[in-house]
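Below are the chains, spelled out letter by letter.
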Amino acid sequence: MDQLVFDQFTSLESLGDVASLLGIKKGTLAYILYGIDRDSQYKQFTISKKNGGERLIETPTTALKTIQRRLGIILQDVYWRRPSAFGFVKGFSVKHNAARHCKKRFVFNLDLENFFHSIHFGRVRGLFAAPPISLPINIATIIAQICCYDGRLPQGASTSPIVSNMVCTKLDRDLQKLAQSCRCHYTRYADDITFSTNNPIDIEKIWQLDDSQFNVRRIVRRLFYGESKPPTYKDATVGKELNELIEENGFTVNTNKVRLASSRERQEVTGLVVNRFPNVKREYIRRTRAILHSWRTQGLEVASERFFKSGYTWNGQGELPPLQSIVRGRIEYIGMIKGKTNPIYLKLLKNYFHISQGRIPRGSEARFRIPLDANHKYVITEGKTDWKHIRAAAIALRGSGMIAQFDSLLYEYEEGEPAGGDAMLQRCKTLAQTNSAEKRLFVFDNDDPRIVKQAVENGSYYKHWGNNVFSTILPVPDFRDLEAISIEFLYKDNDLLRPNESGRRLFLNSEFDEHGFHKDDKSIEYGINPKDGSKVKGWTNKLKDPVKILDQNIVKYDGKDIFSIALSKDAYASNILSRAPGFEIDDFSGFKELLDRINGIMGL
């Protein structure tokens with residue numbers, strides 16, 4: 001919880017206050033809430049459930065979606081998380097939830113039925129009107145109107161997860177107390193509830209074994225194994241006290257999703273195996289390997305057709321996602337759970353890159369081929385488009401007489417070729433082991449202390465790796481009061497932030513507040529996918545960095561639609577090199593020291 005945001009939220013007194021907090025006009029908010037038919041603001045469709053049946057999804061339109069997303073950001077900071085809640089909480093994942101139940105004698109799982117739809121309008125309004133939030137009833141009503149559709153939380157709105165967590169605060173407290181009284185661990189991930197224990201007491205409060213003589217499973221076991229076969233823990237039912245607490249909190253147990261597993265069988269929590277540590281199911285890994293194999297042997301088109309006919313769940317809205325994205329997502333999920341150094345993850349990623357790009361993934365020396373002609377001087381930059389800036393600067397500074405010459409070749413990256421600091425360091429090490437008649441100079445950004453420390457030697461602005469391989473870092477120009485820079489900061493701000501003919505430009509992370517809103521224009525927001533208006537993962541990371549360039553996921557909201565206003569670094573560099581309209585830059589003074597360094601090293 002952020003106390004400042006909490007105080008701002010709880011001090012709301014009018015519709016205008018709500019609109020101001022959300023960064024929109026009062027009239028716009030009133031029109032969206034009261035001037036438009038509610039049904040026209042949502043799109044409804046169904047998706048197939050894994051175990052059969054269909055799930056109703058209700059997604060808001062662009063304008064309402066934007067408002068809900070902004071409110072959701074605020075509510076994340078208003079929400080006081082209980083230690084047992086893991087779903088839809090910043091900084092936590094299914095892995096964190098599953099880790100609480102590893103190496104346990106018993107793991108008991110259950111689901112809440114119709115989770116979001118069980119939370120009706122009155123409960124949401126009451127949540128915001130009651131302590132500790134204590135909003136006036138008219139403001140609580142407005143917030144509930146933003147969050148609810150058809151009298152309850154819709155599954156598909158970005159506010160539903162955080163509001164459900166807030167509603168479940170009392171449930172989490174009640175079930176935590178129950179778990180402690182029975183020597184159990186308790187967690188909740190959205191509607192997935194899990195208890196685990198090694199030495200339980202009074203466990204019948206939480207679960208009971210179904211000892212019915214008419215139990216079909218037990219009859220089959222008796223026929224095949226006799227009376228000595230122990231009962232399967234899958235026959236457990238929810239204990240009376242647990243069921244009463246869940247119903248008192250306005251929810252119902254989905255009796256079809258109740259499972260008790262002992263350490264002698266596979267224990268699962270939120271889709272992960274937890275017998276020893278959080279782990280991905282073997283079936284998931286085998287399935288991922290099979291998709292890669294089909295892609296490699298039959299081609300992308302055939303592999304895609306087979307995959308989408310094999311039961312892939314899709315909402316039917318728009319085009320199917322490309323198979324490449326699905327496979328990469330599966331592999332990265334495996335890496336998130338198993339760790340990015342896990343051999344299974346690395347092998348899958350290696351195969352993916354080999355199939356999709358014909359190249360071995362980063363982390364293996366074999367991936368870093370030696371593409372440089374040993375008979376020429378080369379300058380290799382950390383960023384794939386940095387060479388364009390250096391070429392433009394060399395042309396301009398040579399023409400003005402600020403430098404006498406610049407005869408080094410600038411290396412142009414090929415499609416799919418690795419770039420970045422770590423890849424550059426690996427190439428330095430690899431090339432230093434190969435004899436060469438001419439120099440290779442690697443120019444690193446000056447924005448990562450770990451990389452900088454390896455790219456230059458103490459007391460010098462360069463490093464000699466051996467066999468005519470050198471490296472240096474970008475110098476910080478006199479007009480920059482920064483310790484860390486990328487090559488774009490060699491331009492002055494009036495050139496760095498130039499818009500193109502469509503109004504797109506580069507942005508600095510310092511232009512945005514912690515919630516992603518532009519400090520001077522709240523209609524501009526960072527971290528948004530302009531295609532669907534959704535929040536991109538990991539968007540807050542770049543806001544925490546020192547001054548940094550932002551070149552994507554920045555949109556402007558005009559009250560009805562959102563549209564991208566970010567200019568990519570590649571487009572910015574190309575505009576400067578080609579002197580496109582508006583980019584006829586003449587001041588390259590910030591590059592002079594860099595070009596002098598390059599000429600000096602190449603002349604050694």
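Here the residue index of a chain counts from 1 through its sequence in written order. In keeping with the predicted nature of the model, local features appear solely for residues at pLDDT of at least 70, side-chain atom pairs appear and are counted solely at 80 or more, and the whole-chain, interface and lining totals rest on all residues. In computing side-chain values, all of the structure's heavy atoms are included and hydrogens and water are not.

Trainee: How do you make sense of a negative patch on the surface when you look at a structure like this?
Mentor: In this scheme, patches are assembled from residues that exceed 30% relative accessible area and form no salt bridge. Like charges are connected within 9 Å, while nonpolar side chains (Val, Leu, Ile, Met, Phe, Trp, Tyr) are connected within 5 Å. For every accessible area listed, the method is Shrake-Rupley and the probe measures 1.4 Å; residues are considered covered only by the protein chains on display. By definition here, a salt bridge exists when the distance from a side-chain nitrogen of Lys or Arg to a carboxyl oxygen of Asp or Glu is within 4 Å. When charges are tallied, Lys and Arg are placed among the positive residues and Asp and Glu among the negative ones, while His and the ends of the chain are skipped. In this description, the location of a charge corresponds to atom NZ of lysine, CZ of arginine, CG of aspartate or CD of glutamate. Residues Asp202, Glu204, Glu241, Glu244, Glu247 and Glu248 make up a contiguous surface patch of negative charge. Strands here are runs of E lasting at least two residues and helices are runs of H or I lasting at least four, both read from the DSSP assignment and numbered beginning at the N terminus. Tracing the sequence through the fold places glutamate 244 in helix 11 (residues 240–248). Think of it in three bands: with a 1.4 Å probe and only protein chains considered, a residue is buried below 20% of the maximum accessible area for its type, exposed above 50%, and partly exposed in between. With relative accessibility at 36%, the residue glutamate 244 sits in the partly exposed group.

Trainee: Where do I start with the sheet that holds strand 8 (residues 253–262) in this structure?
Mentor: Think of a sheet as strands paired side by side through backbone hydrogen bonds, with each pair either parallel or antiparallel. At least two bridges found by DSSP between two strands is the condition for calling them paired. Ordered by their spatial adjacency, 4 strands build an open sheet running 4-5-3-8, and the pairing between neighbours is antiparallel. With one partner strand each, in any of the chains shown, strand 4 (185–189) and strand 8 form the two edges of the open sheet. For this sheet, the mean inter-axis angle between neighbouring strands, taken without regard to orientation, is 15 degrees. Strand direction decides the pairing type here: strand 3 (residues 106–112) and strand 5 (residues 192–197), joined by 6 bridges, are antiparallel. The partner of phenylalanine 106 across the bridge, within strand 5, is threonine 197. Each of strand 3, strand 5 and strand 8 touches helix 11; the most contacted strand, strand 3, lies at about 30 degrees to it. The axes used here are C-alpha line fits, helices contributing only the stretch in contact, and every angle between their N-to-C directions lies in the interval 0 to 180 degrees. The criterion used for residue contact is that any of the two residues' heavy atoms lie within 4.5 Å.

Trainee: What is the right way to look at the environment of alanine 144 in this model?
Mentor: Structurally, alanine 144 is set in helix 7 (residues 137–147). Ignoring anything within four residues of it in the chain, the contact list for alanine 144 reads Phe121, Val124 and Arg125.

Trainee: Explanation requested: unusual backbone geometry in the structure shown.
Mentor: Comment: phi is negative for the bulk of residues other than glycine, and the bulk of peptide bonds are trans. Note that the residue after proline 131, namely proline 132, is joined by a cis bond; omega there is 10 degrees. In this fold, proline 132 is placed in the loop between helix 6 (121–129) and helix 7. The phi dihedral of asparagine 467 falls on the positive side, at around 55 degrees, and the residue is not glycine. Residue position: asparagine 467 is located in the loop between strand 14 (462–466) and strand 15 (469–473). A relative accessible area of 29% means that asparagine 467 is categorised as partly exposed.

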